[in-house]
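Here is how the chains run, residue by residue.
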Amino acid sequence: MSDRRTFLKGAAATIAASTVTAQAQAATGEKKPAPKSSGAGLDKTIERPGSDFMVDVLRSLGIEYVASNPASSFRSLHESIVNYGGNRKPEFITCMHEESSVGMAHGYYKASGKVMAMMAHGSVGIQHAAMAVYNAWCDRVPVMLIGGNFLDAAQRRPGVEWGHCSQNPAALLRDYIKWDDQPASLQHFAESTVRAYKMAMTPPMEPVMIVADGMLQEHPIEDEKGLSIPKLVLSAPPQGETGAVREAAKILSSHEKVVIVCERVARNQEGVKRMVELAEALNAPVVDLLGRMNFPTTHYLCRSGDGRALVRDADVILFLEVGDPWGQLNTISDPHHQYRRIAKPDVKTIHVTLADQLMKSNYQDMQRFCPVDIPISADAQATLPSLTEAIRQISKPRSGKTEALKKAYQQMQARAREAAAHGWDASPVTVARLSSELWQVLKNENWCLAESRGGSWASRLWPATQHHNFLGSSGGAGVGYIAPAAVGAALANKDKGIITAVIQPDGDLMYAPGVLWTAAHHRIPLLSVMHNNRAYHQEVMHLQKMAGLHNRRMDTARIGTTIEDPNIDYAKLAQAQGVWAEGPITDPAQIGPALRRALAVVKKGQPALVDVVTQGRSA
Ligand SMILES: Cc1ncc(C[n+]2csc(CCOP(=O)(O)OP(=O)(O)O)c2C)c(N)n1
Ligand SMILES: [Mg+2]
């Protein structure tokens with residue numbers, strides 16, 4: 001016992017000393033090798049472990065951050081990141097849940113267009129990461145997942161290490177990642193990691209996984225000269241086949257009632273610009289389902305709020321990377337599950353999508369099969385220029401319709417404004433009021449709403465023109481996405497002068513609220529506004545619906561669906577983790593001043609949270 005104490009004391013002193021050294025070095029930007037420790041009882045040292053080379057590989061890909069909860073299965077890689085790599089490009093981002101790590105990487109990609117890595121500890125870390133990986137998969141978002149594992153059973157330490165290892169770590173995720181590998185050598189690691197990155201970034205973009213074997217990390221590099229890192233060159237995305245694009249252009253040009261429905265098209269501002277060119281060439285309304293920000297809400301052709309009516313009246317519908325075209329043309333009622341057609345029976349459909357190129361069998365995110373008249377298997381953004389050009393060659397924009405289209409756009413906006421005014425002064429606060437108060441503090445900023453759903457008040461009322469204004473939503477609707485994705489987006493935006501805000505539902509935050517600590521610890525400036533309806537409100541509504549269906553009492557719908565008694569104090573939850581916070585606010589007049597105080601904190605580079613007690617569900 002006393003031996004153990006002496007060891008722990010020695011180790012603690014070493015840790016304390018090295019923390020001070022690390023902090024001093026971080027402050028001066030200086031990088032010195034740490035003094036060799038005798039306290040850890042290591043009589044043999046390894047000067048150049050395999051994990052140093054792994055850091056070289058990650059660095060060669062330009063990966064700036066590795067989000068992770070720490071774990072022994074990648075302790076060597078962790079150590080190489082912070083010591084060999086100096087914790088710069090990549091920098092280790094401390095996460096309190098693997099789901100947060102993946103969610104952060106998801107939001108980071110959507111804000112930056114860049115891949116972030118996360119490390120997950122063997123079986124248990126990968127299990128925790130799984131739902132967030134599924135969200136990224138459904139949302140076509142690349143994430144570099146690195147799993148720690150010790151494959152060689154002869155070298156595993158007994159006990160926990162066995163329990164946390166598996167023969168095939170990626171098996172758990174294989175239904176919803178694009179590719180994975182378990183490299184057996186460092187050269188294999190380099191080639192597979194570069195391949196994985198390239199595949200992740202080739203549309204349809206998806207998460208990929210590399211298992212970093214523990215022994216490969218910890219053993220010394222044997223033949224450094226024999227190792228090489230392949231050059232990364234990303235593939236050009238596939239454009240639609242010329243004949244099919246021409247055929248689509250012909251149909252689009254020869255019909256009057258055309259509507260464009262888009263979901264995950266624009267990867268950047270160029271994509272938004274190309275969408276505008278296409279819509280103007282046809283002078284056709286656009287319904288943006290907002291998987292990404294595809295189309296400026298300020299443009300008179302932006303008619304997302306009239307989606308159902310436009311689809312109902314259309315003679316031709318052009319789908320651009322839409323996850324569920326069947327659901328646009330048809331519906332199944334709730335709660336009776338009755339089928340109803342929305343579109344005309346003979347509506348002509350065109351779909352530019354890569355969905356057919358990557359589909360797995362088990363999970364049903366592929367949605368119901370939808371026959372399409374002209375299916376074009378191609379990347380939508382890459383196909384926009386040739387499609388627009390083909391349309392321009394056939395016809396001039398039908399400018400005669402412009403006045404009517406402008407009027408319809410103004411009417412749609414007026415309806416949204418009118419609807420938003422309902423219960424303006426109510427307490428608990430309406431989501432429309434909350435959204436409007438947030439807009440008042442963002443309107444003079446270069447802004448990003450980290451989670452932005454189709455049909456949300458922001459999408460209906462905020463003038464958005466930039467690709468980074470709206471980042472869309474989770475893809476898989478797995479709750480727990482919003483908080484980490486917002487932190488990831490804010491991390492991506494922090495050096496760009498973009499203010500990142502999020503309307504944060506309570507149920508979503510409570511999956512893994514530790515991501516607030518991550519934001520505070522890493523000085524990630526995120527403005528969170530709690531949409532604190534003290535409920536899993538969507539589920540309240542489901543219970544009410546079932547009680548109605550079964551003709552039974554409805555007041556019990558709150559059992560199991562509310563987050564009250566006790567109410568959660570989100571300001572305290574945030575403050576406890578080092579985040580500036582105010583609330584709970586019940587008077588809508590108090591929201592604006594609190595948000596302005598919070599914005600000042602965010603502008604200084606820190607996260608801030610304002611808790612507002614709300615009514616109604618998010619979006
Ligand atoms: C991981 C996961 N578990 C459960 C659900 C079912 N679900 C859908 S919406 C919802 C409520 C979410 O609550 P909150 O984030 O507070 O949003 P609100 O509905 O209150 O606006 C739940 C639990 C889900 N989508 N994902
Ligand atoms: Mg809620």
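Reading guide: rules and limits
Residues numbered from 1 in each chain as written. Chains lettered and ligands numbered in written order. Predicted model: local features only at pLDDT ≥ 70, side-chain atom pairs only at ≥ 80, totals over all residues. Heavy atoms only, no water. Near = heavy atom within 4 Å. Polar contact = N/O pair within 3.5 Å; in protein donor to acceptor, adjacent residues only side chain to side chain. Areas by Shrake-Rupley, 256 points an atom, 1.4 Å probe, with all protein chains shown as cover. Pairing = 2+ DSSP bridges. Helix = DSSP H or I, 4+ residues; strand = E, 2+ residues; numbered from the N terminus. Axes fitted to C-alpha atoms, helices over the stretch in contact; angles between N-to-C directions. Phe/Tyr/Trp six-rings, centres within 6.5 Å; stacked < 30°, edge-to-face > 60°. Buried < 20%, exposed > 50% of the residue type's maximum accessible area, 1.4 Å probe, protein only. Salt bridge = Lys/Arg side-chain N within 4 Å of Asp/Glu carboxyl O. Contact = heavy atoms within 4.5 Å.

Asker: Help me out: how do you make sense of the site of ligand 1 in this one?
Answerer: Around ligand 1, the surrounding shell holds 17 residues, and the nearest of these are Asp 506, Gly 507, Ala 535, His 537 and Ser 618. Separating a nitrogen atom of ligand 1 from a backbone N or O atom of Val 479 is a distance of 3.0 Å. The contact in question runs from an oxygen atom of ligand 1 to an N or O atom on the side chain of Asp 506, over 2.7 Å. Contact with the protein chains covers 76% of the free accessible surface of ligand 1, which is 580 Å².

Asker: Help me out: how do you make sense of the sheet that holds strand β4 (residues 144-149) in this one?
Answerer: Paired through backbone hydrogen bonds, the strands of a sheet run either parallel or antiparallel to each other. On the basis of which strands lie adjacent, the open sheet formed by six strands has the order β2-β1-β3-β4-β6-β5 and parallel pairing. Among the strands making up the open sheet, the edge pair consists of β2 (91-94) and β5 (179-181). Going from strand to strand, the sheet's axes swing by 25° on average, the running direction of each strand aside. Pairing of strand β3 (residues 117-121) with β4 involves five bridges; the strand directions are parallel. Its bridge partner being in β4, His 121 is matched across the sheet by Gly 148.

Asker: Sorry if this is basic, but what is going on with the packing of aromatic side chains here?
Answerer: Each aromatic ring pair is characterised by the separation of its centres together with the angle its planes make. Inspection of the entire model under this criterion finds nine aromatic pairs. Summarising the aromatic geometry, the rings of Tyr 176 and Tyr 363 are spaced 5.2 Å apart at their centres and angled 90° between planes, so their arrangement reads as edge-to-face. Here Tyr 176 is found in the loop between α6 (160-163) and β5, whereas its partner Tyr 363 is found in the loop between β12 (348-353) and β13 (374-377), with 187 residues between them in sequence. The exposure class of Tyr 176 is buried, given its relative accessible area of 6%. Measuring from ring centre to ring centre gives 5.5 Å for Trp 447 and Phe 470, while their planes differ by 65°; the resulting arrangement is edge-to-face. Taken together, the residues span a long stretch of sequence, with Trp 447 in strand β15 (residues 447-449) and Phe 470 in the loop between α16 (457-461) and α17 (482-493) at a distance of 23 residues. Through a chain of ring-to-ring contacts, the aromatic side chains of Trp 439, Trp 447, Trp 462 and Phe 470 assemble into a single cluster.

Asker: Where do I start with the pattern of salt bridges in this structure?
Answerer: Applying the stated rule across the entire model yields 30 salt bridges. Where Asp 139 meets Arg 264, a salt bridge forms, and the shortest distance between an N and an O atom there is 2.8 Å. With Asp 139 in the loop between α5 (122-138) and β4 and Arg 264 in the loop between β7 (258-262) and α10 (269-282), the pair connects residues that are 125 residues apart, well separated along the chain. The pair Asp 139 / Arg 264 is uniform in exposure class, with both members buried. We note a salt bridge from Arg 398 to Glu 256, for which the minimum N-O separation is 3.7 Å. Of the two residues, Arg 398 sits in the loop between α13 (380-394) and α14 (402-421) while Glu 256 sits in the loop between α9 (242-253) and β7, which places them 142 residues apart along the sequence. Residue class for Arg 398 comes out buried when judged on its relative accessible area of 16%. Several salt bridges converge on common partners, so that one network encompasses Arg 48, Asp 52, Asp 56 and Glu 224.

Asker: Is there a simple way to explain the environment of Ala 501 in this structure?
Answerer: If you trace the backbone, Ala 501 turns up in strand β16 (residues 499-505). What makes Ala 501 buried here is its relative accessible area of 0%. Counting along the chain gives 229 residues from Ala 501 to Val 272, while the straight-line C-alpha distance between them is 21 Å. The contacts of Ala 501, once residues within four sequence positions are left out, are Leu 438, Leu 442, Cys 448, Leu 449, Ala 450, Leu 526 and Leu 527.

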